[in-house]
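Structural features, examined
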Amino acid sequence: MMQINKKWIFLTILLLTTILLVLFFGFLRSDLIGSEKTKEIINKTELEDNQNVYSKKSPNTTLRSLAEAKGIEVGAAVLMKPFYEDPTYQDILAREFNSLTPENAMKFRRMHPKPDLYNFTNANALVTFAQEHQMQVHGHTLVWHKNLPGWLTEGRWTTEELTDILRRHIYTVVGQFRGEIATWDVVNEAVESDGSLRKTIWLEGIGPEYIEMAFRWAREAEPQAQLFYNDYGGEGLGRKSNAIYELVKNLRQSNVPLDGVGFQMHTSINKPPNPEKVAANIKRLGELGLEVRITEMDVKIHDGEGTTTEKLAAQAEVYRDVLRVCLDAPNCKALTTWGVSDNYSWIPDYFDRPDLPLLFDKSYRPKPGYDALVEELQVTSNE
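Summarised in this report is the structure supplied together with it. All residue numbers refer to positions counted from 1 along the written sequence of the respective chain. Whole-chain, interface and lining totals are the exception, using all residues; otherwise, since this is a predicted model, local features are given only for residues with pLDDT of at least 70 and side-chain atom pairs are given and counted only at 80 or more. Water and hydrogen atoms play no part in the side-chain values, which are based on all heavy atoms of the structure.

Before going further, it helps to spend a moment on the overall build of the protein. Helix and strand assignments come from DSSP, with helices taken as H or I runs of at least 4 residues and strands as E runs of at least 2, each series counted from the N terminus. Along the protein, the regular secondary structure elements total 15 helices and 9 strands. Categorising residues by exposure relies on relative accessible area from a 1.4 Å probe, with only protein chains included: less than 20% of the type maximum marks a residue as buried, more than 50% marks it as exposed, and the intermediate range marks it as partly exposed. Counting across all 383 residues of the protein, residues that qualify as buried make up 48%. When the accessible surface of the protein is split by element, carbon and sulfur atoms take 53% of a total near 19200 Å². The accessible surface values rely on the Shrake-Rupley method and a 1.4 Å probe; as for residues, cover is taken only from the protein chains in view.

Counting buried positions over the 6 residues of strand β4 (residues 183-188) gives 6, a clear majority of the element. Two strands pair if DSSP finds at least two bridges between them. With 4 bridges joining them, strand β3 (residues 136-143) and β4 adopt parallel strand pairing. When the sheet's bridge partners are listed, Val143 is paired in β4 with Val187. As paired strands, β4 and strand β5 (residues 226-231) are joined by 5 bridges and run parallel to one another. Across the sheet, residue Val187 finds its bridge partner in β5, namely Tyr229.

Our focus in this paragraph is the state of the cysteines. The rule for a disulfide is simple: a pair of cysteine sulfur atoms within 2.5 Å. All told, the structure shown has 1 disulfide when counted by the stated rule. The disulfide partner of Cys326 is Cys332, and the gap between their sulfur atoms is 2.0 Å. Its S-S torsion of about -95° marks the bond between Cys326 and Cys332 as left-handed, since a negative value means left-handed.

We now examine the nonpolar core. Among the nonpolar cores identified, the biggest contains 100 residues, and Trp184, Val187, Trp202, Phe215 and Tyr229 are the most heavily contacted of them. It is helix α13 (residues 308-328) that provides the largest number of residues to this core, a total of 8 residues. Residues belong to a common nonpolar core when they are buried Ala, Val, Leu, Ile, Met, Phe, Trp, Tyr or Cys residues joined through side-chain atoms within 4.5 Å.

Bringing the environment of Ala214 into the picture now. Within the secondary structure layout, Ala214 lies in helix α10 (residues 210-221). On the accessibility criterion, Ala214 (0% relative accessible area) is buried. Once the C-alpha coordinates of Ala214 and Arg167 are considered, the two residues, 47 residues apart in sequence, prove to be 7.2 Å apart. Contacts were defined at the residue level, with two residues in contact if any of their heavy atoms lie within 4.5 Å. What Ala214 contacts, discounting residues up to four positions off in sequence, is Val143, Ile170, Val186 and Val187.

Set out below in structure tokens:
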């Protein structure tokens, strides 16, 4: 009897031990699985937070809403690849900006790839997007010396033939978007740094009158749109800005339908624009009855001094200064950055240097430059 009891006791202990081991390892496995799921959830949450950084922001604190309260356009240049492939790109564009500029989609080579062929696919997509999100479109650009198709640059044209090519291009492109695009860069970068007219296919093939012709043709194609001359390096006071001033003054005196001047404002923290000189230039253009738009702003930091944090702080002040000058000028109507976020800027490739020139970082998080613009709009709104 004693032997039987010992046997049952041994079997009971063995069974209990087995049960405990099964429970222990089952718990351990579930804990490990739970831990992995937790990590997965955390990673997914962090990704969503990055991609939807503004989901919890009040609409009243967006750049767009503040700019609209001030009666000013705040825009961004748009590239087609992220526009089509990155939903967050579109979300930020619609949420933070009330204007867009096609960065490349409306340039001559993209629009008019063959003599008798026009491609409006990408431009139409941007115009439709703008209409769906109550945004303005700034057309860019009708007449430029770059981004031209080979059939045009490699051809041997008479003055009459080249004039007809440019006329038909402007009529066709502007006419395509009649009633849909409010403002156009008609002529882009026609003036050299020394103040002379740039030697381009248009100047050498047609003559200096191509500038006047282009504006007149654009007005005939779309009587309601505002027409701009656009250039870089002429934002302040100096030889080039003086030449641009004389050019547009003469155009106005000849009753050419010119409505304003675009300041590209590609600048840097190393050589920022002088706010007083920019203000003086805007003022004298206003006295000619011309509006001004900041059309392509970005602020390079790679040539500046200090840590990245210090460079971004300096960049923010450049953005702030330019917006302040624009807000103080009754004839300055818009500020557009040349891109949405740092990973889609032209600057790193062009200068072969890493850079962070825009308002949003590569994860679409707002940078100090964005905060500076918001603060400036809030300050002026409360005055």
